[in-house]
Amino acid sequence: MEWKSSTALWRSNWNTAGRLARLGVHSRHGGLQCLQPCLLPHQRSASTGSKILVEMDNSTGIAVLTMKSPPVNSLSLDFLTEFSISLEKLELDRGCRGVILTSVRLDIMEMYGKSPEHCGEFWKAVQEMWLRLYGSSMITIAAINGSSPAGGCLMALACDYRIMAENPKYSIGLNETQLGIVAPFWFKDTLVNTVGNRAAELSLQLGLLYSAPDALRTGLVDLLVPEDKVLSTASQTMTQWLAIPDHARQITKSMMRKPTVDRLLASREPDINNFVSFITKDSIQKSLRVYMERLKQRKP
Amino acid sequence: MEWKSSTALWRSNWNTAGRLARLGVHSRHGGLQCLQPCLLPHQRSASTGSKILVEMDNSTGIAVLTMKSPPVNSLSLDFLTEFSISLEKLELDRGCRGVILTSVRLDIMEMYGKSPEHCGEFWKAVQEMWLRLYGSSMITIAAINGSSPAGGCLMALACDYRIMAENPKYSIGLNETQLGIVAPFWFKDTLVNTVGNRAAELSLQLGLLYSAPDALRTGLVDLLVPEDKVLSTASQTMTQWLAIPDHARQITKSMMRKPTVDRLLASREPDINNFVSFITKDSIQKSLRVYMERLKQRKP
Amino acid sequence: MEWKSSTALWRSNWNTAGRLARLGVHSRHGGLQCLQPCLLPHQRSASTGSKILVEMDNSTGIAVLTMKSPPVNSLSLDFLTEFSISLEKLELDRGCRGVILTSVRLDIMEMYGKSPEHCGEFWKAVQEMWLRLYGSSMITIAAINGSSPAGGCLMALACDYRIMAENPKYSIGLNETQLGIVAPFWFKDTLVNTVGNRAAELSLQLGLLYSAPDALRTGLVDLLVPEDKVLSTASQTMTQWLAIPDHARQITKSMMRKPTVDRLLASREPDINNFVSFITKDSIQKSLRVYMERLKQRKP
C-alpha cells in the first residue's frame, strides 16, 4: 500500500458549490436517463440554521445537508450542536428516509487555548454527532468534494456510503497522530469496521492522509466520480438504496452497528475526561500550535 | 465495488447435472495429470434419502451430497432435516474426511402462510443445518453450479472453500432485505468472517446478489471455473486439503469457528422466537407475497 | 487466492548478510537523495550477546537486531531469552525509538524429544518474545530477507511493518498444520489482525506458505523490494515513522494491540500447559519426526 504523508489542514472542506438545485442539471450521467425523480424547486423545503442548509425534497424523502458559508465553516461546537439538532429533526420526520452530507470540517481552534470546560463540551458534541450519524436509521451518503482530514473523515466514515471527487488536491484520513493527538477508540472502531484492522492500524499509527485513488483502494471511500458529478451520483445512489424496504434495511443496519455504538454509550464520561486531560496538557497544546504554525507558513 | 441489484429467486439452484460419476471424466484439468485417486463406480457407496443423494468414495474418504430432483428441491423443513441427519452420519463415519456439497436451495414457501409452529420448526432446522455445517470437523467444499441467494449462499459460506461456475446467469448473496426480511446475526457473523465487516454491511443492507466475478472479487467465493469443471475442481481441491494432518486441521478450524458457533448455541430459543414473531407479521407476509408475485410475472 | 503448498523448513532464515554498516551504501534508492541521517561508524554502539548483534545508532534512535551466525541460529530457548532481554533493554533506553529485525528462526529441535519441563520453558520464552514485540512501544520493522515459516512469520507479524525480499526462493506463513501441530490462539489473533479472518482461516487450516508476491497480495507483508534493498528500505521506512510524534503513535499502537496482548496475558499458564500436553504426545512427536526426515531427504 502506498500513502502520502501530508500536513494538510485538520479540517475537511467538502466543496459546498454543488447544491441540490443543481442536481437536476447533473442527473444525466454518461448519457443515462435521469433515474431519480427530478427535483423541482417547489417540491423542496429549505430550513436554514446559522451554519447548515437543510434542503428536504418531500417527493423523494431525501434531504441534503450543506455547510453554508465556506471557508470559515468548521466542526465547531456551535456547528456540531446545530448538526445534531438537524439530524434529529430529520430522523423524527417520517417523510425523510435518506440524507446526503456535504462540506464538513472539524475545527482545531475548538481544542487550542480553550478551558477544560469548553473542551469537554466540544468533545461531547463530537460524540453526539457521531452517535446520531453512525446510529441513524436513515440512509446516509457522504458526498465528498473537498479534503477530509480527522473529523471530516470521521463523519464520512459514519455514513452508509462514501462518494469522493476525483480531484488530486483532495485527501482523506484520520491524521490525528500527525498533530500529536490521538483518535479515540470509537474513531478507531469506525475505521476498523470500514477498512479492516490492518489498514486501520497503519493508517492511525502514521496519521495517513489518502489521495482519492488510494482511499478507494483501501476502502475508505466506495466510489470516485468527477467533481461535478459527486452530488448527482449521491442522489442516484440514494435512489438505489431507497428501493430496499426500510424496516429490513434499518434492522440490518442496527445489527451491524449497534455493538460499536453501545461501546461509546457505555463510556461517554470517561472518554470526555480522557480527551480533556489529554488535550489540555502543555505538550499537546504545543503540538497543536506547531501544527497550526506550519499550516500558516504554507498558506501565502 | 460494483453490484448488481437483482430480484432473483430466494433459492439457490446449484446445478445437479454434474455428478460424481462424471468426476473421472473431468479430473484432467488443463493437461495436468489426474492427481486424486480415480473414482471407480465399485468404490462408491450411495445412500439415497428422499431428497439427497449421498455418494461416498471409500477409497478417498470424500462424500458428495447432491440434491436429487431439481427444480422442485429446496431448503424445506424436510430437506433440512434429512441434510442434518446425512451430515451427522458422515461426521460419525471415521472413513469420511471431506464433503462436497452441490445444489441447495432455501424454500420461501416454508415461511409464507404457515403457522408460527411450522415457522419455528423450520427455523430450528435452518439453525441445525448451519451448526452442523459451519462446525463440521470434516473438510467441506461448496461446488456452486447455480444461483445461490439467501439460504443457498449461507450453506456455501458455511463450507471451508467455495468454487463457483463462471456462468453469467448465476448470482450469489444474502439478499434477504430485498424480500423485506432480515438475515439474522449468525448469517451476518458467517458473512463478516468471510468478506469482512464493510463488505458484509453493504451486502446485507442492500441485499446484494453478486455475479461470479464480483463474488470472487469480494471474497464471497474462492475460485471460479468453467461450469463443467466445478465438481472435478472441487475434488482436486479436496485432495490438497486431505494432505493436511486431520487432527491439526480440525483443531485449527474449531479455534477459528467455535466463537461464532457458540454465539448461536447461546441463543437458539430467542433467535427462533425472534424469527417467528417477525415472519408471521402481516406486513412481512405481504412483503413475501409481493416478492413471489414479482417472480411469477418474470417467469413466462 | 493462490497458494503454494510447501514443506519448507519450519524456520525462517532471514539473510543476515545485510548489516547496518551497509545501510549508508544502499540508502540511495532509485536516484532519490539519502533522506535518513547517514549512519557513520562512530555513531553506532554495538552490543554483542552470544546470539544476537544489536547495533544502535544514537544519532537516529534506530537499533538493528541481527542474528550473528547463520545457518545454526534458530529461535531456540537461549535465543528467545537473549532476544527478550535485548528488546527490554532497548525499550528502557529512551534514546531508542525504532528497531529493525533481521534473520530469525524457530527451532523445531526445541520441541522434539524434549522433556515436558523443557517444552514448557521454551513455550514460555516464545510467549515472552511475542508479548514484548507485539506490545513494544518502539517502532518495529521486519526486514525479511529469507524464508519465514512458523515462528519466523510470527515475529514478522508482530512488527509494525514488513518488508520482504523479492526472491522466488523465499516463502512466509504460519505452516504449523503441515507439521501436524497447531498455531495457538495468539498466533491466530496476530494473523487475523493482519490479513483478516478469512485469509487467516484458509492460511491456518492449510498451513500455507506464501511466495513474496502472494504474501504481498494477501497482506502478510507490506512491501517487496530487491534483496539488496531490504535493509536500506527498512531504514528509510523507519525515518518516515519517526516523523510521527512518539507519544501519539504509542498510545494509538497500544489502543490497537492491547486487547490482543491482554488475551494471552490472561491465560499464559493454560496456554503453556496446552502446548506441553499436545507437543509431548507420541503421535505429535511422530509427526515432527516424519517432517524432519522429509527435510533431511531434501537436503542432499
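Just so we're clear, the structure is a prediction, and the values are computed from it rather than from any experiment.

A. Looking closely at the interface of chain C and chain B. With 23 residues of chain C at the interface, the matching set in chain B holds 19 residues. With its nearest N and O atoms 2.9 Å apart, the salt bridge here joins Asp222 of chain B to Arg198 of chain C. Counting across the chain C and chain B interface gives seven residue pairs in polar contact (both at pLDDT 80 or more). When residues of the side of chain C that touches chain B are traced back to their parent elements, those giving at least two are α5 (185-195), α6 (197-206) and α11 (282-298) of chain C. When residues of the side of chain C that touches chain B are assigned to their parent elements, the largest contribution, eight residues, is made by α6 of chain C. Looking at the side of chain C that touches chain B residue by residue, the class counts come to 14 nonpolar, six polar and three charged.

B. Examining the pairing of strand β3 (residues 62-67) of chain A more closely. Residue and element names in this part refer to chain A. Judged by how many residues are buried, β3 sits mostly within the fold: six of six residues are covered. Inspection of the sheet shows strand β2 (residues 52-57) paired to β3 by six bridges, in the antiparallel sense. Directly across from Ile52, in β3, lies its bridge partner Met67. Hairpin connection between β2 and β3: a loop of four residues separates the two successive antiparallel strands, and Gly61 in this loop has a positive phi of roughly 75°.

C. Spatial organisation of the pairing of β2 of chain A. Judged by how many residues are buried, β2 of chain A sits mostly within the fold: six of six residues are covered. Of the two faces of β2 of chain A, both are covered, the one formed by Ile52, Val54 and Met56 of chain A as well as the one formed by Leu53, Glu55 and Asp57 of chain A.

D. The arrangement of the interface of chain C and chain A in detail. With 19 residues of chain C at the interface, the matching set in chain A holds 23 residues. Taken together, the connections running from chain C to chain A amount to two salt bridges. Its salt-bridge partner being Glu201 of chain A, residue Arg257 of chain C comes within 2.9 Å of it at the nearest N-O pair. Elements that contribute at least two residues to the side of chain C that touches chain A include exactly β7 (161-165), α5, α8 (230-242) and α9 (246-265) of chain C. No other element matches α9 of chain C, which puts nine residues into the side of chain C that touches chain A.

E. View of the sheet that holds strand β9 (residues 210-211) of chain B. Residue and element names in this part refer to chain B. Across the sheet, three strands lie side by side as β6-β8-β9; this open sheet has mixed pairing. Pairing within the sheet leaves two strands with one partner each, and these edge strands are β6 (148-149) and β9. Pairing of strand β8 (residues 171-173) with β9, which is carried by two bridges, proceeds in the antiparallel orientation. Opposite Ser171, over in β9, you have Ser211 as the bridge partner.

F. Structural context of the relation of the copies chain C and chain A. Structural alignment of chain C on chain A gives an RMSD of 0.0 Å, achieved by rotating through 120° and translating 0.0 Å along the axis. Both copies are brought into coincidence by an operation consistent with a three-fold rotation axis. In terms of proximity to the rotation axis, the leading residue of chain C is Gly196 of chain C, whose C-alpha is 4.1 Å off the axis.

How each quantity is defined
Residues numbered from 1 in each chain as written. Chains lettered and ligands numbered in written order. Predicted model: local features only at pLDDT ≥ 70, side-chain atom pairs only at ≥ 80, totals over all residues. Heavy atoms only, no water. Contact = heavy atoms within 4.5 Å. Salt bridge = Lys/Arg side-chain N within 4 Å of Asp/Glu carboxyl O. Polar contact = N/O pair within 3.5 Å; in protein donor to acceptor, adjacent residues only side chain to side chain. Helix = DSSP H or I, 4+ residues; strand = E, 2+ residues; numbered from the N terminus. Nonpolar A, V, L, I, M, F, W, Y, C, P; charged D, E, K, R; others polar. Buried < 20%, exposed > 50% of the residue type's maximum accessible area, 1.4 Å probe, protein only. Pairing = 2+ DSSP bridges. Least-squares fit on C-alpha atoms with pLDDT ≥ 70 in both.

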